[in-house]
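Spelled out, the chains give:
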Amino acid sequence: MTFTDTTRERAREIIARYPADRSRSALLPLLHLVQAEEGYVSPAGVAFCAEVLGLNKAQVGAVATFYTMYKRKPTGDFLVSVCTNTMCNVLGGQEVYDTLSEHLGVGHDETTADGTITLEHAECLAACDYGPVMTVNYDFFDGVDASTAVGVVDELRAGGRPMPTRGARLCTLKEMAVQLAGFADERDGAVADGGPGEPTLRGLRLAQQHGVSVPGFDPNTPIRSKAEADKAAAEAKAKAEAAKPAPVEASAAPVKGGDGASAPTGAATGSTAPDVKAPDDKSPQVRTAETRQPDADTAVPDAPGTKAPADRSGTAPQAGDARSAEAAGVAANVPAGDGKPAGDEAGAQERNLTEAKAGTDADGAGPADANETGAQK
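Residues numbered from 1 in each chain as written. Predicted model: local features only at pLDDT ≥ 70, side-chain atom pairs only at ≥ 80, totals over all residues. Heavy atoms only, no water.

1. Some words on the overall build of the chain
So, step 1. A tally of regular secondary structure across the chain gives 14 helices and five strands.
So, step 2. Within the span of the chain, comprising 377 residues, buried residues form 30% of the whole.
So, step 3. Relative to all contacts within the chain whose residues are 6 or more apart in sequence, the contacts with residues 24 or more apart total 54%.
So, step 4. For the chain, the exposed area adds up to about 24,600 Å²; of that, 54% sits on carbon and sulfur atoms. (Helix = DSSP H or I, 4+ residues; strand = E, 2+ residues; numbered from the N terminus. Buried < 20%, exposed > 50% of the residue type's maximum accessible area, 1.4 Å probe, protein only. Contact = heavy atoms within 4.5 Å. Areas by Shrake-Rupley, 256 points an atom, 1.4 Å probe, with all protein chains shown as cover.)

In structure tokens form, the structure reads like this:
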């Protein structure tokens, strides 16, 4: 496939939208661009994107196969998506999909023989308040049922362009892909005015009816610049610092402990724990590891709440004791074979198999009891 000069020019325009060292960010709109020419992302389209971005085809293919909006096989002029997720399904979405599938003679991700309609079921179309919904090239048809859905696809196959519930008059999938690549739709009447539907506004209506609002919210408040926001934040911080209570000075009189004795100097809070400064020349991970498994060379005696352990003779463990113990443990464990986990013995396995085949144990238990007895052994 040799892409047209128009596509190549648009590809350069897309890439120019991004910094020179971030050109691979243009991959998503470029995939829409090649889909706008071919109707799907073909191997040639993958190669084209890799060529203009300096990527390999595996990197492009990984992205093209991740997103469902990129079609990997020829797709019809109109992609009809029916939501079959929870909300729409409860309201009849599955019935709508099944009816269309039978009427068109195609299943999920299949295209009619005339190349007009590609049908797919969608997990969610983000319009639960209008369910059941279906989209045609991503434009919404709300509150559909089986009969209205059949009417829409029949009009499409007859060459008509039914008006979506929300949005402009329908365009083909290739025309939609041009828009998704970031280019304006030049068709007459391509942009339609329209507000949100009543189900979307229901929450707002209830809030207005019951006087529910965010405290202090003023919709007419202008958005501040960064400098103004930084200044306001600094003033708020200074105000909060000024409102803090002054620190309580330590009393010169000794503070009595629980037993009436004087607490150590500096223990104004009543704590008798000495202040121990943790060594800060090591990372917390190293310090924790050394505290848990110390030896003579690496113990941290001044870590808070810990000290290097000593044996009965009072001598600290010698360097390398941990390594010796680990080596002894390794030597005592038989390496695992290919057919059994470590620690299992062939004799035990054979004995269990023999008991299972016999179907009974020495006490005359049945098969189920034998299995339980073997498990206990």
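2. Side note on the nonpolar core
Looking at soluble globular proteins, one finds that nonpolar side chains tend to be buried together.
So, step 1. Ranked by internal contacts, the top residues of the largest apolar core, which has 25 residues, are Leu30, Leu31 and Val60.
So, step 2. Of all the secondary-structure elements, those providing two or more residues to this core are helix 1 (5-15), helix 2 (27-38), helix 3 (43-53), helix 4 (57-64) and helix 8 (173-180).
So, step 3. Among the elements that make up this core, the one with the highest residue count is helix 2 (six residues).
So, step 4. Residues Met134, Val136, Val144 and Leu170 belong to the second largest nonpolar core, which totals 20 residues. (Core = buried A, V, L, I, M, F, W, Y, C linked by side-chain atoms within 4.5 Å.)

3. Notes on the pattern of salt bridges
So, step 1. As enumerated under the stated definition, the model contains nine salt bridges in all.
So, step 2. A salt bridge links Lys71 to Glu120, with the nearest nitrogen and oxygen atoms 3.1 Å apart. Of this pair, Lys71 sits in the loop between helix 4 and strand 1 (78-83) while Glu120 is found in strand 3 (residues 117-122), placing the two residues 49 residues apart along the sequence. For the pair Lys71 and Glu120, one class covers both residues: buried. (Salt bridge = Lys/Arg side-chain N within 4 Å of Asp/Glu carboxyl O.)

4. Comments concerning the packing of helix 3 against helix 4
So, step 1. Two elements in contact, helix 3 and helix 4, have axes separated by 9 Å at closest approach and are oriented at 120°. As summarised for this structure, helix 3 and helix 4 are arranged oblique, according to the angle between their axes. Helix-helix and strand crossings are classified by hand; for helix 3 and helix 4 the assignment is right-handed. Together, Val46, Ala47, Cys49 and Ala50 of helix 3 and Lys57, Val60 and Gly61 of helix 4 make up the contact between the two elements.
So, step 2. Here the residues of the contact of helix 3 with helix 4 are counted per class, giving five nonpolar, one polar and one charged. (Axes fitted to C-alpha atoms, helices over the stretch in contact; angles between N-to-C directions. Parallel < 35°, antiparallel > 145°, perpendicular 65-115°, else oblique. Left-handed = near helix turned anticlockwise from the far one by under 90°. Nonpolar A, V, L, I, M, F, W, Y, C, P; charged D, E, K, R; others polar.)

5. What about a negative patch on the surface?
So, step 1. A cluster of like negative charges, contributed by Glu95, Asp98, Glu102 and Asp145, occupies part of the molecular surface.
So, step 2. Judged by its relative accessible area of 69%, Glu102 is exposed. (Patch = residues over 30% accessible without salt bridge, like charges linked within 9 Å, V, L, I, M, F, W, Y side chains within 5 Å. Lys, Arg positive; Asp, Glu negative; His and termini not counted. Charge placed at Lys NZ, Arg CZ, Asp CG, Glu CD.)

6. Section: the sheet that holds strand 2 (residues 110-111)
So, step 1. Strand order in this open sheet of five strands is 2-3-1-4-5, and the pairing throughout is mixed. Bordering the open sheet on either side are strand 2 and strand 5 (139-141), each of which pairs with just one other strand.
So, step 2. As paired strands, strand 1 and strand 3 are joined by six bridges and run parallel to one another. Paired with Val82 across the two strands is His121, which belongs to strand 3.
So, step 3. Here helix 7 (residues 146-157) sits on the sheet in contact with strand 1, strand 3, strand 4 (134-136) and strand 5, set at roughly 10° to strand 4. (Pairing = 2+ DSSP bridges.)

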